[in-house]
Each structure stands twice: as structure tokens, then as C-alpha cells.
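Descriptive structure summary
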Amino acid sequence: MLIAALRGGQAEAGPLIEAAIAEAEACGQGIAVAYAHWTAAILHNGLGRYQQALTAARQASEDATALPISMWALPELVEAAARAGDAAIARNALKQLTETTQPCGTDSALGIEARCRALLNHGAHANTLYREAIDRLSRTQLRPELARAHLLYGEWLRRGGRRVQARQQLRTAYDLLAAIGMDGFAERARRELIATGETVRKRSLETVTTLTAQEALIARLARDGRTNPEIGAQLFLSGRTVEWHLRKIFTKLGISSRRDLHAALPQAA
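Computed from a predicted model, the values in this text were never measured in an experiment.

What counts, and at which threshold
- Residues numbered from 1 in each chain as written.
- Predicted model: local features only at pLDDT ≥ 70, side-chain atom pairs only at ≥ 80, totals over all residues.
- Heavy atoms only, no water.
- Phe/Tyr/Trp six-rings, centres within 6.5 Å; stacked < 30°, edge-to-face > 60°.
- Helix = DSSP H or I, 4+ residues; strand = E, 2+ residues; numbered from the N terminus.
- Buried < 20%, exposed > 50% of the residue type's maximum accessible area, 1.4 Å probe, protein only.
- Expected span 1.5 Å × (residues − 1).
- Bend = angle between axes of the 7 residues up to and from the residue.
- Contact = heavy atoms within 4.5 Å.
- Axes fitted to C-alpha atoms, helices over the stretch in contact; angles between N-to-C directions.
- Parallel < 35°, antiparallel > 145°, perpendicular 65-115°, else oblique.
- Left-handed = near helix turned anticlockwise from the far one by under 90°.
- Nonpolar A, V, L, I, M, F, W, Y, C, P; charged D, E, K, R; others polar.
- Polar contact = N/O pair within 3.5 Å; in protein donor to acceptor, adjacent residues only side chain to side chain.
- 1 Å grid on protein atoms, 1.4 Å probe; cavity = no way out; pocket = protein on both sides within 12 Å on 5 of 7 lines; lining within 4 Å.
- Points joined across faces, edges and corners; volume = space filled by probe spheres on them.

**What about the packing of aromatic side chains?**
On inspection of all chains with the given rule, the structure shows six aromatic pairs. Judged by centre distance (5.0 Å) and plane angle (50°), the rings of Trp-38 and Trp-72 are tilted. Taken together, the residues Trp-38 in helix 3 (residues 30-46) and Trp-72 in helix 5 (residues 69-84) connect sequence positions 34 residues apart. For Trp-38, a relative accessible area of 11% translates into the label buried. Taken together, Tyr-130, Tyr-153, Trp-156 and Phe-236 form an aromatic cluster joined through their ring pairs.

**Some points on helix 6 (residues 87-104)**
Helix length check: helix 6 (18 residues) gives 25 Å between terminal C-alpha atoms against 26 Å at 1.5 Å per residue, within 8%. At Thr-98, helix 6 shows its strongest bend, of approximately 35°. The complete set of buried residues in helix 6 reads Ile-89, Ala-90, Ala-93, Leu-94, Leu-97, Thr-98 and Thr-101. Buried-residue contacts for helix 6 involve helix 4 (50-61), helix 5 and helix 7 (107-119). Positive backbone phi, approximately 75°, marks Gly-105, located one or two places after helix 6.

**Some remarks on the packing of helix 12 (residues 213-223) against helix 13 (residues 228-235)**
Taken N-terminus to C-terminus, the directions of helix 12 and helix 13 make an angle of 135°; their axes are 10 Å apart at the nearest point. Here helix 12 is positioned oblique relative to helix 13, judged by the angle of their axes. Where helix 12 crosses over helix 13, the two elements pack in a sense that is right-handed. The residues of helix 13 that touch helix 12, namely those facing Leu-217, Ile-218, Leu-221 and Ala-222, are Ile-231, Gln-234 and Leu-235. Its residues assigned to classes, the contact of helix 12 with helix 13 shows six nonpolar, one polar and no charged.

**A short note on the side chain of Thr-140**
Relative to the elements of secondary structure, Thr-140 occurs in the loop between helix 8 (123-137) and helix 9 (143-159). Overall, Thr-140 belongs to the buried group, its relative accessible area being 17%. Within the structure, the side chain of Thr-140 is placed 2.8 Å from the backbone oxygen of Leu-137, a separation counted as a polar contact. Looking at Thr-140, its side chain comes within polar contact range of the main-chain nitrogen of Leu-142, at 3.1 Å. If we skip the residues at most four places from it in the chain, Thr-140 touches Asp-107 and Ser-108.

**Considerations on the layout of surface pockets**
By volume, the second largest pocket amounts to about 430 Å³. Lining of the second largest pocket is provided by 21 residues; of these, Trp-38, Trp-72, Ile-112, Leu-142 and Glu-145 occupy positions nearest its centre. Mapped onto the lining of the second largest pocket, the elements with two or more residues apiece are helix 1 (2-7), helix 3, helix 5, helix 6, helix 7 and helix 9. Looking at the lining of the second largest pocket residue by residue, the classes come out as 14 nonpolar, three polar and four charged.

Just geometry here; none of it tells us what the structure is for.
Dropping the structure here:
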């Protein structure tokens, strides 16, 4: 059910979610009901159906006994409510979320919190929060959350008239989401890219399958002579985070320096 929702397939996910809710309600399984509503919120946010996502996320988050599902639903509720124009619901959901993320203090928790805060802020503060979210989430294994941070940042930049910067974020989001198979969210990114005036070409298969989509992008930029600060500026990452990714890339490819990237990586088209 969750995988179907992440894929953005209404025809596949919808019947699964409806059946799960009906059966779980009949058996009094509150956690299963909350889980199904949470996956529905993901599905609808990916498809840009924010009012439906808001309804599903509220249903998932309202049962305080259905932990951790009710907490997982809060980021979906913040995004859906912010996009549906209900700032009060979004702020209340963010307040509840911080009760978990602040004590937790990990990059994954604080990265998701920063992404949610960015949705409720404006100007330079929102910009800083989006970049913090991307920087923190890039140091985790949560590729779907990282990709969604790039997507939200790109959407925000485009709506602010910053089309060149928006394209960079949206392209990164699209590549990550398409590689993962999150087709609903990838389509959101594709539509936004088209709105910036960019032609979205069909992705080619990544030949270096041991690297994640983001690692492959960083590796190609490093191979082509970009410095860590230049890569960081393009992807809105800190130089320290780029260096951290490169160490992982070198280990995966069995190499020891940037000089070896030309032999380890195929030339990009």
C-alpha cells in the first residue's frame, strides 16, 4: 500500500487503501486505519490533490494512540494544509511535529522540520530553511524526503520568479524522484520544470547502479572538474556535505581520488 502510494498510482493505491481502512475499522485496528490514511496523504500530496491530502493526513494524525503513524502524518499535514491555504492547521501540525523532532535532534528529524517550517515562512528565512533541510537530509538515507525537499524548494523559487535557480532544484528533484520510482511526485517536478520553460527529456538509465541518484550527480560534477564549493553552490549543499558524499562515492567505486572518476564513470551524454 505504501509503495503504491509512493509510486503515485491512484488505480493501484486507491483500492488497497479503501480495503485496508474498511477491514481495519471493522476489526477495531486503529493503527492500521491511521497507516492507511497516512499512505493516502502521501498519494494525494504526490498528485497535487492537497485538499484530499489534508483530509487524509488529519485522519492519520488525530489518533494519538496510533504512534508512530500519527507523528509520521504531520509533515504530510503541514504540506497539504500550507498548499491548500489553511495556515492555521499547518502551524498547529508543525507545533506538534517539533515536540518530537526537537528532542530527537537528528539530521533526519531536523531536516524534515526545516522543510515544514520553510512552507510557512517567506523571503530570506524560507530560503535558509529550505537549504538547511536539503543539507541535513542529504546526510541521511532518506532519499524520498531529500527529493521532496528539492521539489518544494524548486516550486517555491519558481513562484518567486527565480526561474534559473528553480530549474536546478527541480531538475535534481525530478532525477531523484524518477530514479526512486516516485512517479506522482516526479510528475509534479516535471510540470514545474516545464513551467520554467525547460524541456524535460526522457531520463537515460544510470549505468553506475551502485550510486544513488544524488551521488551519481555529485560524482559527474566532480569528474567534470567542479570543486566542492561549486558543487555545493549548484546543489545547495555545504562543502562539508559534498566532501562527505565524495568519500562514500570513492568507497563504492573502489577508487581513492577525483582523478580516478574519469575511468570509473562513463561519459555523460
